[in-house]
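Below are the chains, spelled out letter by letter.
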Amino acid sequence: MSKEKTKLEKASEEVTLLVQSVNAKINELGVRDEALYTALTIIQNQFDLIRNVPSDTMIEYQKIKKIRLTWKQQVDKINDDYETAKKANVGMGAAGAGIGAGVVFLGPTAAMGIATTFGVASTGTAIAALHGAAATNAALAWLGGGALAAGGGGMAAGNALLALAGPVGWAIAGISILGSGLLFWKALSEKKRLEEIFLRISKRDKTSYELAIVELNERINRITAETLKLQTAIMTIGTFGTDYNKMSEEQQYTLGSYVNLMNAATQLLVNPILGLQPKYTEEDFRNFLSFNSFARLSYSYISKNKDLIIYMANLLYKIDTEESDRKLLAKSFKKNKDLLKSMKIDKDAISLELFNKVDMALKHLYVVKRK
């Protein structure tokens, strides 16, 4: 007779299913993005052939074009980094021991979905977690995230979770490893308290994933609608000729409206999915250092442990803890060799002081957000 599952195990399974749904939606988003990008490229080529376009319209058009091309460079970077990571894992099992079955199928279309999930700023600078090598980690985490939950042992990069710095729900990808730390506890009261903390994390992320799926569906529907509008515009522009000065006033007005359409479509391509952004970012960390007098008193320690603090702050976002809870968490992480190994963290880096600083960092963030 099989043992009845705990509340934590049930919650973890529910969120694992949501992780899979989110990943599927990101893949679907990538398919829609590909069609949208193709339509934008075709209409861009048509605009490039038109002479004597007014300078203000041309400036706006060139700005839109630059944003789109920057986004495509980001897509290519994600895909190239993934291919590099995959080759580095050859010989470590059928799919590479650290990759996870879902990631094996990552390709340009999936990379498009990931790029839109994290987005690019209007300046063309990558935002949120998508910086350099973290682009690869984002791809591995979101499309191969089941690896940890299924006991696969980690991402292609051993510190992928750490470098990614915690988009919503990263904790669930590793919840089985986190939960395995409970096996070390003999005191029932302490074990129950840790289970309660992990259960709250699971419930928080379950809600976040559900909202993210709604947001992804809305984005997919809007992209589909804008793509159809662009395809109609492409057919219409072909009848205008290639000299702006020879177009009728109505055609000129229509051409201007198409620039607005291209802008709206491009924003759909590059704007991030807000529900999948990190809850605690490097910018939040910098603000914490700048404005918190307690942080300045421990500047050296906090700076040295920046990545861990950001990582743990995402884990414990909106999870209230007492100092006794933080002691348990420190002890649990320190004892959990599997988790430390997957994150490539020395157990000496885990301490009550670390979790107390995380608590301070989060409380500072909550105050800032209320202003």
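Every value quoted in this text rests on a predicted model; they were computed, and no experiment measured them. (Residues numbered from 1 in each chain as written. Predicted model: local features only at pLDDT ≥ 70, side-chain atom pairs only at ≥ 80, totals over all residues. Heavy atoms only, no water.)

A. Looking closely at helix α3 (residues 108-118). Counting buried positions over the 11 residues of α3 gives 9, a clear majority of the element. When we look at burial in α3, the residues that qualify are Ala110, Ala111, Met112, Gly113, Ile114, Ala115, Thr116, Thr117 and Phe118. Among the residues trailing α3, glycine 119 stands out with phi positive, at a value near 75°. (Buried < 20%, exposed > 50% of the residue type's maximum accessible area, 1.4 Å probe, protein only. Helix = DSSP H or I, 4+ residues; strand = E, 2+ residues; numbered from the N terminus.)

B. How the structure looks around the side chain of lysine 357. Topologically, lysine 357 is positioned in helix α17 (residues 352-370). Using a relative accessible area of 10% as the deciding quantity, one classes lysine 357 as buried. Setting aside residues up to four positions removed in sequence, lysine 357 forms contacts with Phe288, Ser298, Tyr301, Ile302 and Ile309. (Contact = heavy atoms within 4.5 Å.)

C. Structural view of the environment of leucine 261. Summarising the element assignment, leucine 261 is placed in helix α10 (residues 249-270). A relative accessible area of 11% means that leucine 261 is categorised as buried. Separated by 28 residues in sequence, leucine 261 and alanine 233 have C-alpha atoms that sit 9.1 Å apart. Once residues lying within four places of it in the same chain are set aside, the contact partners of leucine 261 are Glu226, Lys229, Leu230 and Ala233.

D. Structural view of the packing of aromatic side chains. What the rule picks out here adds up to 4 aromatic pairs. Between the aromatic rings of tyrosine 37 and tryptophan 71, the centroid separation amounts to 6.0 Å while the plane-to-plane angle is 40°, which identifies the pairing as tilted. Remark: tryptophan 71 occurs in helix α2 (residues 55-88) and tyrosine 37 occurs in helix α1 (residues 7-48); sequence separation between them is 34 residues. Judged on exposure class, the residue tyrosine 37 and its partner tryptophan 71 are both buried. Their ring planes at 65° and their centres at 5.9 Å tell us that tyrosine 317 and tyrosine 366 sit as a pair that is edge-to-face. Taken as a pair, tyrosine 317 in the loop between α14 (306-315) and α15 (323-335) and tyrosine 366 in helix α17 lie far apart in primary sequence, 49 residues in all. Looking at tyrosine 317, the relative accessible area reads 10%, which means it is buried. Since its relative accessible area comes to 14%, tyrosine 366 is described here as buried. When the ring centre of tyrosine 366 is taken as reference, the NZ or CZ atom of lysine 318 above it lies at 4.4 Å. (Phe/Tyr/Trp six-rings, centres within 6.5 Å; stacked < 30°, edge-to-face > 60°. Lys NZ or Arg CZ within 6 Å of the ring centre and 35° of its normal.)

E. Local environment of the packing of α1 against α3. In contact at an axis separation of 7 Å, α1 and α3 are set at 95° when each is read in the N-to-C sense. Between α1 and α3, the angle is such that the two are roughly perpendicular. Mapping the contact onto sequence places Ile26, Asn27, Leu29, Gly30, Val31, Asp33, Glu34 and Tyr37 in α1 and Thr109, Ala110, Met112, Gly113, Ile114, Thr116 and Thr117 in α3. When its residues are assigned to classes, the contact of α1 with α3 shows 7 nonpolar, 6 polar and 2 charged. (Axes fitted to C-alpha atoms, helices over the stretch in contact; angles between N-to-C directions. Parallel < 35°, antiparallel > 145°, perpendicular 65-115°, else oblique. Nonpolar A, V, L, I, M, F, W, Y, C, P; charged D, E, K, R; others polar.)

F. Fine view of the nonpolar core. In this structure, Ile43, Phe47, Trp71, Leu230, Leu255, Met262 and Leu276 are the most contacted members of the largest nonpolar core, which totals 49 residues. At the level of secondary structure, the elements contributing two or more residues to this core comprise α1, α2, α3, α9 (188-237) and α10. Not counting the four nearest positions on each side in its chain, phenylalanine 47 is found in contact with Tyr61, Ile237, Leu255, Tyr258, Val259 and Met262. Core analysis: the next-biggest nonpolar cluster, separate from the first, contains 35 residues, Ile350, Val358, Ala361 and Leu362 among them. (Core = buried A, V, L, I, M, F, W, Y, C linked by side-chain atoms within 4.5 Å.)

G. Spotlight on the pattern of salt bridges. Evaluation of the coordinates by the stated rule reveals 15 salt bridges. Of the charged contacts, one joins glutamate 210 and lysine 206 as a salt bridge, the two residues approaching to 2.8 Å between their closest N and O atoms. Of this pair, glutamate 210 and lysine 206 both sit in helix α9, separated by 4 residues, roughly a single helical turn. The exposure class of glutamate 210 is partly exposed, given its relative accessible area of 36%. Residues participating in the shared-partner salt-bridge network are Lys25, Glu28 and Arg32. (Salt bridge = Lys/Arg side-chain N within 4 Å of Asp/Glu carboxyl O.)

These values are about where atoms sit, not about what they do.
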